[in-house]
Structure formats: structure tokens, C-alpha cells
Amino acid sequence: MIPSVLPTYNRAPLSFVKGEGSWLIEADGRRFLDLGAGIAVNALGHAHPTLVKALTDQAQSLWHVSNLYQIPQQQALADKLVAATFADTVFFTNSGTESCELAIKMARKYWYDKGQSDKTDIITFDGSFHGRSSAGIAAAGSEKMTKGFGPLLPGFVHLPWADIDAVRAAIIDTVGAILIEPVQGEGGIRPLPDQHLKELRAICDAHDLLLILDEVQCGVGRTGRLFAHEWAGIAPDIMMVAKGIGGGFPLGAVLATEKAAAGMTAGTHGSTYGGNPLACAVGCAVMDIVAEPAFLADINRKAGQLRQALEGLVAGHPDTFEAVRGTGLMLGVKCKVTNLDVVNAAYDAELITVPAADNVIRLLPPLTISADEIAESVARLDRAATSLETA
Ligand SMILES: *Cc1c(COP(=O)(O)O)cnc(C)c1O
């Protein structure tokens, strides 16, 4: 008999009743260090007092109003995002995949309105992940996600990862945009070299294409800058955001320049919940904390500590681990044994990690994790590796 919850997930036999900072707690009191953070969602850890206050204060006054009316919390969050980024304008969604939908629509509408309605193709890359909507799976294009769900949305050109010559060769008249994650998350924590991102920007400038960045996982402080592309000193035309921006409350956004957003006039797009007062009150509180230079500097210090400790761990377990990769607090450890075995052994050591493609385990701690918690996390991962090696 089919379970009452549609069985689309492989769930671990863990069930948490409470979260406190970097910790998740089961009913029997077992305390897990959470280096998954809801897959880079709980950017400020669990039950951050400022976020709890923002949410409960808003809940006392107004939960939801339609986008038929003015929403001051939404306006405030848009103003913060515009002030802190390349963007001139923001549309709010509830998830990453909805942000993907709008990014694609915006790019196509841009060319349509310019009288070039044949420029519908968008270049995307192997190993990418843009969400599970029909457009998101078509954009990523992997067999794993698309098989059985056709006919797929046409108009995506899938290229190998980090191959700039392949991009140059693929640019023909029907291409209107390039869509890429500056750091692949699901694909196995694969950062795109800064130089490569710069070259993509240059190609887009030379051919008048739109550069769309998917910063759903790598954005909102994760890499030690507010958004990952800042490291390369470039700016996109359109950017997808979600996950960390709501700190655990469902919230996403599409940020765009005035030029790229020109086609999205009244009536061209909408969302019932997108940008609702509860989500935006929390989003404002997240932005006020994460966008602070001192907070970002602290992420970089902690990232250095975690990376160094992981390098030591890998060196000490050469048969279990291969290498550390990633950037900021978005790190991956490529495994020599099956990554799921490591994730399960880490559960036994009361540590949460997240599997990714390419046999990698992901470490995406809350950005608020302490130095002691980082040291304890790596000690737990060390125990997990030792337990696998002596099993
Ligand atoms: C998680 C993710 C998405 C999809 O976000 P949802 O909120 O699950 O729809 C899209 N792109 C990237 C890079 C992601 O990591």
C-alpha cells in the first residue's frame, strides 16, 4: 500500500523535535551537530532569536495579504536587496524552482520584446540543479531528473561543466541567455573558477546575452560574500535566490537589472504567496544580519578553520576520503568509499551531513556555527570515518 506521504524521498530514520543554533535534537534527547542546515536553508541556525522575533511579531499583526495590495515588508526587503547587490528590481517567490521559472520567463520576454522572439535558447551545464519544476528539470537536463516526465520544455542547450570553448562554440543566433550556478551544490560542490565566470560575463557582453546566475544554494553569505559571484568581480543580469534568504521560512527571489527585467510588466507574472508579510519580515531580519561586513568576515574566518580541519581529516583517512573542495562554508569532501556510508556513519556519530553527486558529502553548516562547534564537527566526522574503517 502506498504510504500516506507520497514516497518520493529517501528519508533517514531520524526525527527532530527541536533546533537550537547549530544543533538538532531528537525526542530522546540525542543532539546532532547540523552541518546540513536544511541544505543551506537555516543560514542563521535553528531558532535564531532575531528571526523568531521577526516572525512572531509579524504573526501577531498580519500573516497574508494578496499582491493586489501594497506589502511594506516586501518593499523593505526588495530595497535591502537592491541596495546590497547589482539588482535594480526584485520579484519574490516561495522557492528556488519558482525563481528558476521566472528567470527563464524573464529572459525569453526580454528577447521577445526586442523583436527577437527566436532567441529562446538558454545554455546550461552538466551537473547543474535548478529545481524540480518542469522548467527546472528541463534546464538541468539530467536523465535522473527528467526520465519519464516528457515532453520537456524545449530551449535548453546542455554543455559540459567549466568548458569555455564549448560555450563559445554553442553561441548561435537562437541563444539568448546562459544559466549557471557559480558553485554547484547538488552536483557535488563544484565551484566555477572566478576566471571562468569572468569569461562567461565577457561572452555575454560580446554577444549581448543575458547571464543568469542560480545562487539558490551558494548565495546569502554561504561563500563568505553576500553572493558568490562577487568573488569574480562580475554581476549577472538575472539572479535566482532562495534557501538561505528565508532562514528556514519559505522564501525565494529573482533579482534583475532594469534592462533584463524590462519585459516583466503588470500582468506578465504573479504569485499568490510570493513576498507575503511573514516571509518578508523574516527575510529582512536575515538580510540585516548576513549583509553586515563583520558577519561576512567572520564566515571567512570560520570557513578557513573548517577547511583546514577537513584537510587534516582527509590526510588522516586516505582510504576513506579523497579531497576537500568548495568555498566558504559550502564545502564538500569527495569520498573513496560510498558517500552514503559516510553520511550514515556520521549519523551514528550524531553529525548531520548531506550527500551530493560525484560521491561527495556536503558540509553546509549554519553561518553562525562557532569555532568550538566546527572543531567538534570534524572530531565527529573523524569518529565516523574510523568506525567505517574498523567495521
Ligand atoms: C535547492 C536548489 C534549487 C531548487 O530550490 P527549491 O526551493 O527546492 O525549489 C534550485 N537551484 C539550486 C542551485 C538549488 O540548490
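Residues numbered from 1 in each chain as written. Predicted model: local features only at pLDDT ≥ 70, side-chain atom pairs only at ≥ 80, totals over all residues. Heavy atoms only, no water.

1. Comments concerning helix α4 (residues 96-113)
In a regular helix each residue adds 1.5 Å, so 18 residues correspond to 26 Å; α4 covers 26 Å between its end C-alpha atoms and thus fits that length. Buried residues of α4: G96, S99, C100, L102, A103, I104, M106, A107, Y110 and W111, and no others. Remark: G115 follows α4 within two positions and exhibits a positive phi of approximately 80°. (Helix = DSSP H or I, 4+ residues; strand = E, 2+ residues; numbered from the N terminus. Expected span 1.5 Å × (residues − 1). Buried < 20%, exposed > 50% of the residue type's maximum accessible area, 1.4 Å probe, protein only.)

2. Re the UniProt feature "binding site: pyridoxal 5'-phosphate" (unreviewed entry) in the protein
Per the UniProt record, the feature "binding site: pyridoxal 5'-phosphate" (unreviewed entry) sits at G96, T97, F129, D214, E215, V216, Q217 and T272. Spatial dispersion of the annotated residues is evident: they stretch over 177 residues in sequence, and the largest pairwise C-alpha distance comes to 24.9 Å. Structurally, G96 can be placed in helix α4. With near-sequence residues (within four places) excluded, G96 lies in contact with H130, V216, M240 and A242. Structurally, E215 can be placed in the loop between β10 (210-214) and β11 (238-241). There is a polar contact of 2.8 Å between the side chain of E215 and the side chain of H229. (UniProt positions renumbered as here; feature names shortened; annotations may be inferred. Contact = heavy atoms within 4.5 Å. Polar contact = N/O pair within 3.5 Å; in protein donor to acceptor, adjacent residues only side chain to side chain.)

3. Concerning the pairing of strand β12 (residues 252-256)
β12 sits mainly inside the fold: 5 of its 5 residues count as buried. Of the two faces of β12, the one carrying G252, V254 and A256 and the one carrying A253 and L255 are both buried. In terms of strand pairing, strand β4 (residues 89-93) meets β12 through 5 bridges, oriented antiparallel. Residue pairing in the sheet places F92 in a bridge with A253 of β12. One ladder, built from 4 bridges, connects β11 with β12; its direction is antiparallel. What sits directly across from M239, in β12, is L255. (Pairing = 2+ DSSP bridges.)

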